[in-house]
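# Coordinate inspection notes
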Amino acid sequence: MTSKERFLLAISHRVPDMVPVTPDISNYIPCRRTGLPFWEIYFTGRVPLWRAYLDAADYYGIDAWIGSCTNAPLIYAPADVERHEELRLDPSREAMRRRAVTRTPYGELTEEFTCFAADPPSPTEKPIKDLARDLPAFFTTRPMPVAIDLPAWNEMRDECTRRGHAFGVCLSYPGFQEWSWYAERGVELLAYAEMDTPALLEEWHAFDLERGTRTMELLIAARPDYILFGGSGTITLASPALARAYALPSLQRWSRMARAAGIPTMLHSCGKSRVLARMLAEETEVDLINPLEVPPMGDVDLREVKAAHGARLALMGNVHTVDVMLRGTPELVREHALAAMRAAAHGGGFVLSTGDQCGRDTPDENLFALVETARRYGRYDARGGLPELPA
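To start, this report covers the structure provided alongside it. (Residues numbered from 1 in each chain as written. Predicted model: local features only at pLDDT ≥ 70, side-chain atom pairs only at ≥ 80, totals over all residues. Heavy atoms only, no water.)

## Thoughts on the nonpolar core
Buried together is how nonpolar side chains tend to be arranged in soluble globular proteins. Counting 101 residues, the largest nonpolar core has Tyr53, Phe350 and Leu352 as its most contacted members. Apart from residues no more than four positions distant in its own chain, Phe350 is found in contact with Ala10, Val19, Pro20, Leu302, Leu315, Gly317, Ala340, Met341, Ala344 and Ala345. Grouped together as the second largest cluster of nonpolar side chains are 19 residues, Trp179, Ala183, Ala193 and Leu200 included. (Core = buried A, V, L, I, M, F, W, Y, C linked by side-chain atoms within 4.5 Å. Buried < 20%, exposed > 50% of the residue type's maximum accessible area, 1.4 Å probe, protein only. Contact = heavy atoms within 4.5 Å.)

## Looking at the environment of Leu218
Tracing the backbone shows Leu218 in helix α9 (residues 198-222). Discounting residues that sit within four places of it in the chain, Leu218 has contacts with Leu74, Pro145, Val146, Ala147 and Ile148. (Helix = DSSP H or I, 4+ residues; strand = E, 2+ residues; numbered from the N terminus.)

## Notes on the sheet that holds strand β10 (residues 288-290)
Taking strand neighbours across the sheet as the criterion, the 6 strands line up as β7-β8-β9-β10-β11-β12 in an open arrangement whose pairing is parallel. The open sheet terminates on both sides in strands that have one partner only, identified here as β7 (168-172) and β12 (350-354). Each neighbouring strand pair of the sheet contributes to a mean axis angle of 25 degrees, computed without reference to strand direction. Against the sheet, helix α15 (residues 330-344) contacts β11 (314-319) and β12, and its axis sits at roughly 150 degrees relative to β12. (Pairing = 2+ DSSP bridges. Axes fitted to C-alpha atoms, helices over the stretch in contact; angles between N-to-C directions.)

## Some thoughts on the side chain of Thr22
Relative to the helices and strands, Thr22 resides in the loop between α1 (3-11) and α2 (28-34). Classification of Thr22 by relative accessible area gives buried; the value is 0%. Beyond its immediate chain neighbours, meaning those up to four positions away, Thr22 contacts Phe7, Tyr53, Ile62, Asp63, Ala64, Trp65, Met316, Val351, Leu352 and Ser353.

## Quick word on the packing of aromatic side chains
What describes a pair of aromatic rings is the distance from one ring centre to the other and the angle between the planes of the rings. The full count for this structure, using the stated rule, is 13 aromatic pairs. Arranged with centres 5.3 Å apart and planes meeting at 55 degrees, the rings of Tyr60 and Phe368 form a pair that is tilted. Placement of the pair is Tyr60 in helix α4 (residues 49-60) and Phe368 in helix α16 (residues 364-377), with a sequence separation of 308 residues. Ring geometry for Phe176 versus Tyr246: centroids 6.3 Å apart, planes at 15 degrees, classification stacked. (Phe/Tyr/Trp six-rings, centres within 6.5 Å; stacked < 30°, edge-to-face > 60°.)

## So, the pattern of salt bridges
If charged atoms from side chains of opposite charge come close, those side chains can pair. Counting across every chain of the model gives 29 salt bridges. In this structure, Asp225 and Lys4 form a salt bridge, with 3.6 Å as the shortest nitrogen-oxygen distance. Here Asp225, found in the loop between α9 and β8 (226-230), pairs with Lys4, found in helix α1; they are 221 residues apart in sequence, far enough to count as distant. Shared partners join several salt bridges into a network, and the residues in it are Arg51, Asp55, Asp58, Glu155, Glu159, Arg162 and Arg163. (Salt bridge = Lys/Arg side-chain N within 4 Å of Asp/Glu carboxyl O.)

## Thoughts on unusual backbone geometry
The phi angle of most residues is negative, glycine excepted, and most peptide bonds adopt the trans form. Put simply, Pro295 and Pro296 share a cis peptide bond, and its omega is 10 degrees. Within the secondary structure layout, Pro296 lies in the loop between β10 and α13 (302-309). At the junction of Gly317 and Asn318, the peptide bond is cis and its omega measures out at -15 degrees in the coordinates. With phi around 50 degrees, Glu94 is a residue other than glycine that occupies positive phi space. Mapping Glu94 onto the fold places it in the loop between β2 (82-90) and β3 (95-104). Here Glu94 falls in the exposed class, since its relative accessible area comes to 55%. For Arg185, which is not a glycine, the phi torsion comes out positive at approximately 70 degrees. Inspection of the secondary structure puts Arg185 in the loop between α7 (176-179) and α8 (187-196). Residue Arg185 is classed as partly exposed on the basis of its relative accessible area of 48%.

Spelled out as structure tokens, the structure:
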């Protein structure tokens, strides 16, 4: 069975030949392995992140999860904006700054990202400083998608096909976890708006729902192998009530569209996800949730979630990225990998992974240990059992 077949069977809640294994190495590790300063990936595009990811996936022998680092290449309607970007190297800090000024009919927006040589970029100035004043200008900078950039799309898909991996892309959904990337002071500004000017957040939600629905239509027409909904911190950065108000409507609509088209969907939300798993199982058509992190960052017991929702949701996770993958030994990795498979792999519908992204300095031997454990002990029999998995 190919990596693609194995991965797609598992996320569709079926039984492959063996438990797929795909530690989350979406950004740090692929960039590190290029040997380049990280700004050469994120700012200059010298090496596309998706290609660096596939190279890393093949090096470690994992069942690639390219959707963890790949958005769909889209073509947008013309926008009445004028944007100027400037890159500036700061040698004293080994960092590159990218500053942008965008002029719109509703005012000017300024933003800045800083990318250190060995870290992905982080926003050091966000475009929305005052929600009432800046939101109309922000909307102008985000026109409606009108088509898929097919040459870019086909390049990624063909490379996945050549290497035997599934091809998927990520689509972010509305909510505090998404909007905090654009709002200065992040959750603080959004929390005040929820109390003082909720109509502005409702407007933002409606805008993102419409724009995302159009993106889903284009994705479905282009037929990826799966679609990943991205929303790290959906509960952690908000609350179950806010997730229900702003995240759930899009997840309901978009997962229903994908299910009707026969395309499996996944959802990534690090942090607390126990309540979110129940929402997805009972109120959406989403097929899989990850990374199901353990305390203290998360609140998930994998065996408990499998018992409660395993008949409806496929699961992916949840070996600890710091205590086990980064700081642990290969022996500790094997112990936790076996525990995760015991808790959730029986009967299929499980992908062995980590509880969010592995750090840049995660030892190679620990990544190889995770893969080797799945390959050795994760083979299914005809009834979906794991006869080689130690009791």
